[in-house]
Amino acid sequence: MRTQVAIVGAGPAGLLLSHLLDNAGIESVVLETRSREYVEARIRAGILEQSTVDLLHECGLGERLAREGDEHRGIYLQWPHERHHLDFVDMIGRSVTVYGQTEVTKDLGKAREAAGQEFRYEISETAVHDLETDQPYVTFTGADGRAERLDADVVVGCDGSFGPCRAAVPDAGKQTWERTYPYSWLGVLADVAPSTDELIYAWHPDGFAMHSMRSATVSRLYLQVPNGTDIADWSDDRIWEALATRLGHGQDGWTLTPGPITDKSVLPMRSFVQQPMRHGRLFLAGDAAHIVPPTGAKGLNLAVADVALLAPALAALVQDKDSSLADAYSDTALRRVWRCTHFSWWMTTMLHQSGDPFDQQLQLSQLRWIASSEAGRTGLAENYAGLPIGF
């Protein structure tokens, strides 16, 4: 096969990139190791920044988002006996939207299918070659067991942290930074209407808790747990009891309504950045280049920002032989990556228990400052609701 851009990975980053490239008249083929059903069912992020929402509307993907997305003006920040609402719209004029990554992926898949996008799902043994030439290619084994080769002008790795593209960058040509946090999240989906109108971020001596949602009938909730936690040790009753305690059930008349839990998972918390986000004719986007803990709601939004920069850069490179935007892509993207990495670290370390009483007092001091200071509230709002793409 031959195409202009070979995209490895059919998650939101890869699908959105193919969509933006198609709008610019650039052909692509999308390769994915999993099935389409698996990719569309993966439970991931659920908060879209204003810039992400704006981009999806601008490129023709906002119809269902506008109809079913739940716009939130802000969040609640809480610690025992206190809950404070931070209104982003009042402070910075921007909001966020609750719309699950699964829904974004479905919208993208439907749009790409309607446009005749060429996919290869359920492939294996994917490898990238000749990246330092202007004739790179990808080899893989198709779902039917046949060996295949895809030649391209450019290869883009949207294949996550364990895909072949990140690993294809030589050690001599890259730098990496990593932070592994000493705790994880136990996340649950529950078939029950949310007990809150906007997200609650709760500091508690027992550990962090968060009340999010996916729709008017589905709640998404999280608990801080130790690394290595066995999900079998957490019965539904134990989960709801811990959530009620940490989220403040009964405080000022607020109640947490439990319901049937349909999914449980444990998510380790880590940060990772690799630079540059380019090697020859290979470009990295999304989790292939960087990972952030989910506390700041940045993972999906960073992937969107990456491909929003990358699409015009590749169009100029492939169509016009103009490499200026492609040469600047990594440095431009990494400015936003590091800003969001810091914000995610800040939110994480401010809200999670480390077991150190000194840390607890510092955390409470930060929380009180945010609640009482216009500058503190505005700084959180500006970062949470999202910086401009290309920041």
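Position numbers for residues count from 1 along each chain, tracking the sequence in the order it is written. Reporting of local features is limited, given that this is a predicted model, to residues whose pLDDT is at least 70; pairs of side-chain atoms are given and counted only at 80 or more, and all residues count toward the totals for whole chains, interfaces and linings. Side-chain measures here rest on the full set of heavy atoms in the structure, leaving out hydrogens and waters.

Focus: the overall build of the protein
Here's step 1: Counting its secondary structure elements, the protein contains 12 helices and 20 strands.
Here's step 2: Just to be clear, the radius of gyration here is over C-alpha atoms, and the globule rule we use is 2.2 Å times residues to the power 0.38. A compact globule built from 391 residues would reach a C-alpha radius of gyration of about 21 Å, and the protein, at 21 Å, matches this within 12%.
Here's step 3: In terms of overall dimensions, the protein has C-alpha extents of about 65 × 40 × 40 Å along its principal axes.
Here's step 4: Under the scheme applied here, a residue whose accessible area is under 20% of the maximum for its type counts as buried, over 50% as exposed, and between as partly exposed, the area being computed with a 1.4 Å probe on protein chains only. A burial count over the protein gives 55% of its 391 residues as buried.
Here's step 5: Partitioning the intrachain contacts of the protein with sequence separation of at least 6 by distance along the chain shows that 72% fall at a separation of at least 24.
Here's step 6: Here the Shrake-Rupley method, with its probe set to 1.4 Å, supplies the accessible areas, and only the displayed protein chains count as covering residues. Accessible surface computed for the protein: about 16300 Å², of which carbon and sulfur atoms make up 48%.
Here's step 7: Here Asp and Glu are counted as negative and Lys and Arg as positive; His is not counted, and neither are the chain ends. Where a charge lies is defined by one atom per residue type, namely NZ (Lys), CZ (Arg), CG (Asp) and CD (Glu). Between the averaged position of the 34 positive side-chain charges in the protein and that of its 52 negative side-chain charges there is a distance of 1 Å. In this description a helix means any DSSP run of H or I spanning at least four residues, a strand means any run of E spanning at least two, and both kinds are numbered starting from the N terminus. Throughout, a contact is declared for two residues whenever any of their heavy atoms are within 4.5 Å.

Notes on the sheet that holds strand β8 (residues 118-120)
Here's step 1: Judged by pairing direction, the sheet is mixed, and its six strands sit side by side in the order β8-β2-β1-β12-β19-β18 without closing on themselves. The sheet is open, and its two borders are formed by β8 and β18 (278-279), each paired with just one other strand.
Here's step 2: By the convention used here, strands pair only if DSSP detects at least 2 bridges between them. Pairing geometry for β18 and strand β19 (residues 282-284), over two bridges, is antiparallel. Each bridged residue has a counterpart across the sheet, and for Arg278 the counterpart in β19 is Phe283.

Regarding the environment of Arg214
Here's step 1: Relative to the assigned elements, Arg214 resides in the loop between β15 (209-213) and β16 (219-225).
Here's step 2: Each C-alpha atom, one on Arg214 and one on Pro194, is 8.7 Å from the other, the two residues being 20 residues apart in sequence.

Overview of the sheet that holds strand β11 (residues 147-151)
Here's step 1: The three strands are arranged β9-β10-β11 in an open sheet whose pairing can be described as antiparallel. Across the chains shown, the open sheet's two edge strands, defined by having one partner strand only, are β9 (124-129) and β11. Between one strand axis and the next, the sheet turns by 15° as a mean value, whatever way the strands run.
Here's step 2: Sheet topology places strand β10 (residues 137-141) next to β11; five bridges connect them, and they run antiparallel. The residue bridging Phe140 from the neighbouring strand is Glu148, located in β11. Here an axis means a line fitted to C-alpha atoms, over the contact stretch when the element is a helix, while the angle between two N-to-C directions is reported on a 0 to 180 degree scale.

Section: the nonpolar core
Here's step 1: Leu16, Leu17, Val156 and Phe283 are the most contacted members of the largest nonpolar core, which has 68 residues in total.
Here's step 2: Looking at this core element by element, the count peaks at 13 residues for helix α9 (residues 299-320).
Here's step 3: Listed in part, the 32 residues of the second largest apolar core include Val96, Leu199, Leu351 and Tyr384. What we call a nonpolar core is a set of buried Ala, Val, Leu, Ile, Met, Phe, Trp, Tyr and Cys residues that are connected through their side-chain atoms within 4.5 Å.

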